[in-house]
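Observations on the model geometry
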Amino acid sequence: MSNEMTVAPPPQPAEAPQPAKPGKPASLWSDAWYDLRRNKVFIIGAVLVFLLVLMALFPSLFSHVDAYNPATCNLANARQGVTGAHWFGTDNQGCDTYSRVIYGARVSILVGILTAVITGVVGGGLGLVAGFYGRWVDILLSRVAEIFFAIPAILGALLILSVVGRDNSQKWGVWVVVMALALLAWPLVLRIMRASVISAKNQDYVVAARALGAGSGRIMMRHILPNAIAPVIVTSTLNLGVFISAEAGLSFLGVGIQAPTISWGLMIADARARFLSAPEMLLFPALLLSITVLAFVMLGDAVRDALDPKLR
Amino acid sequence: MRVTNGAKIAAASALLALAVAACGGGSSSPGASGSADTPVRVYISEPQNDLIGGNTGESGGAEVLKALYAGLVDYNDKAEPQLEIAESIEHDATNTNWTIKIKPGYTWSDGTPVTAQNFVDAWNFTANSANAQQLGSYFSIVKGYDALNPADPDEDGPKTAPPATTKTLEGLKVVDDSTFTVELTHPFSGFETALGYSAFFPLPKAAFGADGKLVAAESTSPITNGPFKIAKPYKRGTDQTISVTRNDSFKGGKAKVANIDYKIYTDPETAYNDLLAGNLDVMDTLPASQVANAKATFGNRYIEGPSSGVGWLGFNIKTGGVYATNPELRKAISMSIDRKTITQTVFSGTRTAADDNISPLIPGYRQGACGEACNYDPAAAKQLWESNGGSAVKEVTLSYNADGGHKEWIEAVANNLRTNLGVAVTPKPYEKFAAILDDLGAKKVQGAFRLAWLMDWPLPDDYLRPVFGTGGSSNYVQYSNKQFDELLNKGDAAPTLDEAIKFYQQADDLALKDLAYVPIYFYQLNAAYSQNVKNVKLDPFEALDVLNIEKA
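Quantities reported herein were computed from a predicted structural model and do not represent experimental measurements. (Residues numbered from 1 in each chain as written. Chains lettered and ligands numbered in written order. Predicted model: local features only at pLDDT ≥ 70, side-chain atom pairs only at ≥ 80, totals over all residues. Heavy atoms only, no water.)

The helix and strand tally for chain B stands at 17 helices and 20 strands. For a compact globule of 552 residues, the expected C-alpha radius of gyration is about 24 Å, and chain B comes in at 23 Å, within 12% of that figure. On the principal axes, the C-alpha backbone points of chain B span a range of 65 × 55 × 45 Å. Within chain B, the fraction of its 552 residues that count as buried is 60%. Of all intrachain contacts in chain B linking residues separated by at least 6 positions in sequence, the fraction that spans at least 24 positions is 70%. Each charge class in chain B can be summarised by its mean position, and for the 48 positive and 64 negative side chains these summaries are 3 Å apart. (Helix = DSSP H or I, 4+ residues; strand = E, 2+ residues; numbered from the N terminus. Rg over C-alpha atoms; globule rule 2.2 N^0.38 Å. Buried < 20%, exposed > 50% of the residue type's maximum accessible area, 1.4 Å probe, protein only. Contact = heavy atoms within 4.5 Å. Lys, Arg positive; Asp, Glu negative; His and termini not counted. Charge placed at Lys NZ, Arg CZ, Asp CG, Glu CD.)

It is worth spelling out the domain arrangement of chain B at this point. Residue and element names in this part refer to chain B. For chain B, the domain assignment lists domain 1 (10-23 + 37-268 + 531-551) and domain 2 (307-525). Each of domain 1 and domain 2 has a C-alpha centre, and the two are 27 Å apart. In this complex, domain 1 contributes 33 residues to the contact, which on the side of domain 2 involves 37 residues. Of the roughly 2,700 Å² buried between domain 1 and domain 2 on both sides combined, carbon and sulfur atoms contribute 56%. (Domains from an automatic or database assignment. Buried area = accessible area lost by both parts, 1.4 Å probe.)

With that settled, consider the interface of chain A and chain B. Across the boundary between the two partners, chain A contributes 23 residues, which contact 25 residues of chain B. A buried area of about 1,900 Å², summed over both sides, lies between chain A and chain B, and 55% of it is on carbon and sulfur atoms. As a salt-bridge pair, Asp-267 of chain B and Arg-272 of chain A come within 3.8 Å of each other at their nearest N and O atoms. In this structure, the connection of chain A to chain B is made through nine residue pairs in polar contact (both at pLDDT 80 or more). Among the secondary structure elements, those contributing two or more residues to the side of chain A that touches chain B are α6 (153-172) and α11 (264-272) of chain A. (Salt bridge = Lys/Arg side-chain N within 4 Å of Asp/Glu carboxyl O. Polar contact = N/O pair within 3.5 Å; in protein donor to acceptor, adjacent residues only side chain to side chain.)

This paragraph deals with helix α12 (residues 378-387) of chain B. Residue and element names in this part refer to chain B. Those residues of α12 lying buried are Ala-381, Leu-384 and Trp-385. Each buried residue of α12 sits inside an arc of 100° when the element is viewed along its axis, so together they form one side. In α12, those exposed residues whose orientation departs by more than 90 degrees from the buried face are Ala-379, Gln-383 and Ser-387. The inward-facing, buried residues of α12 contact α9 (322-325), α10 (327-335), β15 (395-401) and α13 (407-421). Just beyond α12, the residue with positive phi is Gly-389, at close to 80°. (Arc of directions from axis to C-beta.)

A separate point is the sheet that holds strand β6 (residues 97-102) of chain B. Residues and elements named next belong to chain B. A sheet is described by the order of its strands in space; here four strands give the open sequence β5-β6-β8-β7, paired in antiparallel fashion. The open sheet is flanked by β5 (86-91) and β7 (172-176), the only strands paired with a single partner. Each strand of the sheet is rotated relative to its neighbour by a mean of 20°, with strand direction disregarded. Summarising the sheet, β6 and strand β8 (residues 179-183) pair through five bridges and their orientation is antiparallel. What sits directly across from Trp-98, in β8, is Val-182. Sheet strands touched by helix α3 (residues 116-127): β6, β7 and β8. Its angle to β7, the strand with the most contacts, is close to 170°. (Pairing = 2+ DSSP bridges. Axes fitted to C-alpha atoms, helices over the stretch in contact; angles between N-to-C directions.)

On to the packing of aromatic side chains, then. All names here are of chain B. The full count for this structure, using the stated rule, is 36 aromatic pairs over all chains. Relative to Phe-201, the ring of Tyr-69 lies with its centre 5.7 Å away and its plane at 25°, an arrangement referred to as stacked. With Tyr-69 in the loop between α2 (59-68) and β3 (73-75) and Phe-201 in the loop between α5 (191-194) and α6 (217-220), the pair connects residues that are 132 residues apart, well separated along the chain. The class for Tyr-69 is buried, based on a relative accessible area of 4%. An angle of 75° between the planes, with centres 5.1 Å apart, marks the rings of Tyr-521 and Tyr-523 as edge-to-face. Under the relative-accessibility criterion, Tyr-523 is labelled buried at 8%. Following the ring pairs from residue to residue traces out a cluster consisting of Trp-98, Phe-119, Trp-123, Phe-139, Phe-180, Phe-188, Phe-191 and Phe-200. (Phe/Tyr/Trp six-rings, centres within 6.5 Å; stacked < 30°, edge-to-face > 60°.)

Below, the discussion takes up the pairing of strand β18 (residues 517-529) of chain B. All names here are of chain B. Buried residues dominate β18, accounting for twelve of its 13 residues. The sheet contact formed by strand β13 (residues 302-315) and β18 spans ten bridges and is antiparallel. Bridged to Gly-314 within β18 is Tyr-517. The pairing of strand β14 (residues 352-353) with β18 spans two bridges and is antiparallel. Note that in β18 the partner of Ala-353 across the bridge is Tyr-521.

Moving on, we get to the confidence of the model for chain A. All names here are of chain A. Residues with a pLDDT of 70 or more make up 90% of chain A, whose mean pLDDT is 84. By mean pLDDT, helix α1 (residues 2-7) is the weakest element of chain A at 41, and helix α4 (residues 97-133) is the strongest at 92. Under a pLDDT of 50 for its full length, residues 1-20 has, in the predicted model, 23 contacts with residues more than four places off or in other chains. (pLDDT = per-residue confidence, 0-100.)

Here it is, written out as structure tokens:
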């Protein structure tokens, strides 16, 4: 069956979705969806991700306290520990940790998704061009990618963000962190896309399309891209979790997201010094961070299993 | 001036802090501490300038200078002046003309004797504006200072001050190798007390080149006259340790330890962890977040005591935003800060709410001198803020040095302002204390900023002239009030301390009315030391007593 799949014609968007039953021909996508619906890991991951995205979009659904309103903090209540009024305790400034954890989801999700999309589009696009045209285009793009690839990600991001400085980080919000991470992560996507395109472009249906007179653009977009993109989607989904933890790490070190924006990494940094006397201040944001990364990794794993069983 | 970074600290970047933390374990194993030559490791922040008395106005450098130099007088446990190098300090009936005799036997680390000329040379050098020494303004009381510091014709404008026509202070005269005289511009009864401050330290002949400037070697391995000398050249900005070794020929007493390493940190938390791990021996200012733990962890190796320190919020009153230039808005900001809760919660009770510019340790302190401006009254603050056009203020910036453990209280003040005044507040951290001091000196800090003061000598004028006086070394707020300056001079001239204090207090009242610096809290001393050392004492200036510390 996997043989059939790789030589299957490109999916036709106009076609009515076919029920993917064994024995009947099915597209890669409907087949994957069929697999996913039956995968417990996917269900758990998807539910968690859905909740987190909801939290990022509408934090007020989860907390009646607006964490961005300084009037909700009362310094006299600082580091109170877990109480009925403050489920996760309060922080150094007497702000409610629960509402801050909820409001902190937005930055993490935003950084994760934006970085994944940007690296996917840039790396995927360049990988498609490099793989399809080959020769000097490939050499040029691959060498440039290798230069970036050689820089250790966290170290490189730390350097970029230190150079950009706190003032600019404050001004541009999440974008500075997103661009720093994207700048270092796109070559990975390029490599995967390029390899995938090279294997796809020698398939019979591509030769056939070319013989029928299709131009390069049409072949790339209609025939190669749909058949080569699966590994990129898998990588991007898995990377999402990596980007989220990278953001928390950079914010923890003081170069990422800047206060007063609420970020889990910043919350953990603020709580670090008093971990022994007020552990809840550190544990709750760390717990949410772990759950979020876990959710995206589970989702990515399930998508990989469905789209690219060979990688399992 | 001696400004303090609060939790006296220093390092370089998040990266470096990590590297320091990571390297700490390897650099010296706690087990090796038994050897007599293993250095005692003392925590400091990075000195802002070279290790020269006249150019060191912050607590990090002052800590090291305490070991390297000796002055005319030193201070005892009660901060009373005692003759050190000076054999006698005599003055005429008006306290204007002073004759200083020095003891024989004190030598420089290059072997030459300390002479009267060394003091006069150093003072002339420090007072000369062409040398841009941090503490130059301390010599404004000496006759001839104005000739060495010609006024800038248009203050901050494009024109520059004309070059000085002389290189020496008219009021300084060398009588012989061991005697010199000082003529002051006006009577100053506290002059003898002031003489122990680093601004008045001497410099050896070899420190000066043919052009009258300091030779390059002075910045890395200065020639010194104190109980310790530089063990290996220190490159400021690169080296993370300043190593000093005992000067066995020091006449003022022999130190009990052979070597001291001053370790530079940017994060007090890192230093505290090093102290716990046995990689640091003395930490003189514990981070507020750890004080509660430290009492239990260190037991009798924990030191608590009064401190001469005062913490301020300063405003750039000439070129800052409208909230900094308008005294009513500054007062509104001051009234919206909940000092009591901040000292109790953020500092775990290790600070007290300030109600005067002068520390309670100093004669002349008055409880509640600051009046309503330092009382927490959100409603009145809001009203004052709005009736003076505060609603138009877009954003208040609070600059601070991140290496001093100030983040939490600055955040708390920010929340106070946001909540009580409804204004947007941006805290602006500087990585190093030295960096914010450089920017403050260059008048680049536009809004509000934190600054703290440790006494140079135990008299109230020391809390006023260097900070609020026109041209004062730490007058980063650009405050200038003729009446204030005159009151200080009157206080200096008063025949007794009690009479002097009356004038100083009147000057203090003017400063508290104009609120260029707003007092926030009074410090308390919280220190701890490792099991490797004993007999650890901090002097009233919060520097380690280097003569008496011993290996355990």
